[in-house]
Amino acid sequence: MFRTLVCMKLVYHIIIGIGILLAPAFLAAQYQYELMKMSEGVENGIWFDVISEDEKEVEEVWQDFMDERSLKVKRSSRRPKEYLAEDVKGQEVSTLFGTDLFMQAEKVDTAIRVKIWVRRGEEFPDFWGEEEAQAELKDLLDHFQLAMRQYRAEKALEEAQEKLEDMERDLSRLENRKENYEKRIEKAYEEIEENEKNIVDNESEQEALQKKLEEQRSQVSEKKAARDLLNKSSVSPN
């Protein structure tokens, strides 16, 4: 039993090694062909890396990408992070027409690794020697990567616009504050000018009142003197 398991593992690794060595040229450059674990077992698949923030972003773009081709994507009941699009159709596919596409996304270092499996009937072909199928699959995945770049470019634009709008709002608030400060300064200048005029008027009023005050004091002194004189004259001699 142990010897059988060892032999099976050795055969498995040999198959993987042969698969990598015999992968089509277009896959060797951008896409990697490999036996990978998925909901249906260990099957032939293709993986490639994309720049993205997280797996959810890739999953969202993939679902939209499939939806544009009238394909409904559903989660696998066996693997929650695996998505299945059944019965591929559209003008851009002929050899792949009617196949099913499985997709998984997982974070790897600073990128997201996208894994794709193509099911034709009950098999997961590697398309070795099928140039038309290779070209269609490459074209499909190229379009998906373009959709990813467009999504990220649009998202980057939205984030930049939001930042610009925030900065514009901040600038508007600063401008409003400056306007309020200027109004307060203008009002303060008006109050200063009014108070300076009030001071001049006050000094004039004080000067006029001071003259009246002196006159009134003189009158008081005169009346007091008259009263004292009257009081003296009214006193009877003994």
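These remarks concern the structure in this document. (Residues numbered from 1 in each chain as written. Predicted model: local features only at pLDDT ≥ 70, side-chain atom pairs only at ≥ 80, totals over all residues. Heavy atoms only, no water.)

## Quick notes on a negative patch on the surface
Keep this limit in mind: Patch definition: residues with relative accessible area over 30% and no salt bridge; like charges joined within 9 Å; nonpolar side chains (Val, Leu, Ile, Met, Phe, Trp, Tyr) joined within 5 Å. Note on areas: Shrake-Rupley with a 1.4 Å probe; residue coverage comes only from the protein chains shown. Here, a salt bridge means any side-chain nitrogen of Lys or Arg that lies within 4 Å of a carboxyl oxygen of Asp or Glu. As used throughout, the charge tally considers Lys and Arg to be positive and Asp and Glu to be negative, leaving His and the chain termini uncounted. Charged side chains are reduced to one point each, which is NZ for Lys, CZ for Arg, CG for Asp and CD for Glu. Working definition: helices are DSSP H or I runs of at least four residues, strands are E runs of at least two. Numbering for both runs from the N terminus. The cut-offs for exposure are 20% and 50% of the maximum accessible area for each residue type, with area from a 1.4 Å probe on protein chains only; residues under the lower value are buried, those over the upper are exposed, and the others partly exposed.
The grouping of Glu154, Glu158, Glu159, Glu162, Glu165 and Glu168 at the surface amounts to a negative patch. Turning to its location among the elements, Glu159 is positioned in helix α4 (residues 131-233). With a relative accessible area of 41%, Glu159 lands in the partly exposed category.

## Regarding the side chain of Gln134
Quick note on the threshold: Here a polar contact is recorded for every N or O atom pair within 3.5 Å, except that within protein the pair must consist of a potential hydrogen donor and a potential acceptor, and residues adjacent in sequence are included only if both atoms are side-chain atoms.
Among the secondary structure elements, Gln134 is positioned in helix α4. The exposure class assigned to Gln134 is buried, which follows from its relative accessible area of 13%. A distance of 2.9 Å separates a polar side-chain atom of Gln134 from the backbone oxygen of Phe127.

## Notes on a nonpolar patch on the surface
Side chains of Ile185, Tyr189 and Ile192 sit close together on the surface and give an oily, nonpolar patch of about 330 Å² of accessible area. Residue placement: Ile185 occurs in helix α4. Residue Ile185 is classed as partly exposed on the basis of its relative accessible area of 46%.

## What about the packing of aromatic side chains?
The condition that has to hold: Any two of the Phe, Tyr and Trp rings considered here, Trp counted by its six-membered ring, make a pair once their centres fall within 6.5 Å; the pair's planes then place it as stacked at under 30 degrees, edge-to-face at over 60, or tilted in between.
Counted under the stated rule, the structure contains six aromatic pairs. When the centroid spacing of 6.3 Å and the interplanar angle of 70° are considered together, the rings of Phe48 and Phe144 count as edge-to-face. On the criterion of sequence distance, the pair formed by Phe48 in strand β2 (residues 41-50) and Phe144 in helix α4 is long-range, its members being 96 residues apart. For the pair Phe48 and Phe144, a shared accessibility class is recorded, and that class is buried. When the centroid spacing of 5.0 Å and the interplanar angle of 80° are considered together, the rings of Trp62 and Phe144 count as edge-to-face. Linking Trp62 in helix α3 (residues 55-67) with Phe144 in helix α4, this pair joins segments that are 82 residues apart in sequence.

## What about the packing of α3 against α4?
What counts is decided by this rule: The angle between two axes is taken between their N-to-C directions and runs from 0 to 180 degrees, where each axis is a line fitted to C-alpha atoms and a helix contributes only its stretch in contact. Put simply, angles under 35 degrees are roughly parallel, angles over 145 are roughly antiparallel, angles from 65 to 115 are roughly perpendicular, and the rest are oblique. If you view the pair so one helix is near and one far, a crossing is left-handed when the near helix is turned anticlockwise from the far one by less than a right angle, and right-handed when it is turned clockwise. Two residues form a contact once any of their heavy atoms are found within 4.5 Å. Under the scheme applied, nonpolar residues are Ala, Val, Leu, Ile, Met, Phe, Trp, Tyr, Cys and Pro; charged residues are Asp, Glu, Lys and Arg; polar residues are all the others, including Gly.
Taken N-terminus to C-terminus, the directions of α3 and α4 make an angle of 120°; their axes are 10 Å apart at the nearest point. Our classification of the angle between α3 and α4 gives oblique. Taken as a pair, α3 and α4 cross one another with a handedness that is right-handed. Residue-level inspection shows Glu57, Val58, Glu60, Val61, Trp62 and Phe65 of α3 in contact with α4, the latter providing Leu140, His143, Phe144, Ala147, Met148, Tyr151, Arg152 and Lys155. Looking at the contact of α3 with α4 residue by residue, the class counts come to nine nonpolar, one polar and four charged.

## A look at the sheet that holds β2
So the rule is basically this: Strands pair, by our definition, only if DSSP identifies at least two bridges between them.
Pairing is antiparallel in the open sheet, where six strands are placed in the order β1-β2-β6-β5-β4-β3. Taken across any chain shown, the strands that pair with only one partner, and hence form the sheet edges, are β1 (32-38) and β3 (73-75). On average, each strand axis in the sheet is inclined to that of its neighbour by 35°, with strand direction left out of account. On top of the sheet, α3 reaches β2, β3, β4 (82-85), β5 (100-108) and β6 (111-119); it is set at about 160° to β5, its chief contact.

## Section: unusual backbone geometry
Positive phi values are uncommon outside glycine, yet Asp87 reaches one of about 55°. Mapping Asp87 onto the fold places it in the loop between β4 and β5. A positive phi angle, near 55°, is found at Asp109, a position not held by glycine. Judged by relative accessible area, Asp109 falls into the exposed class, the value being 71%.

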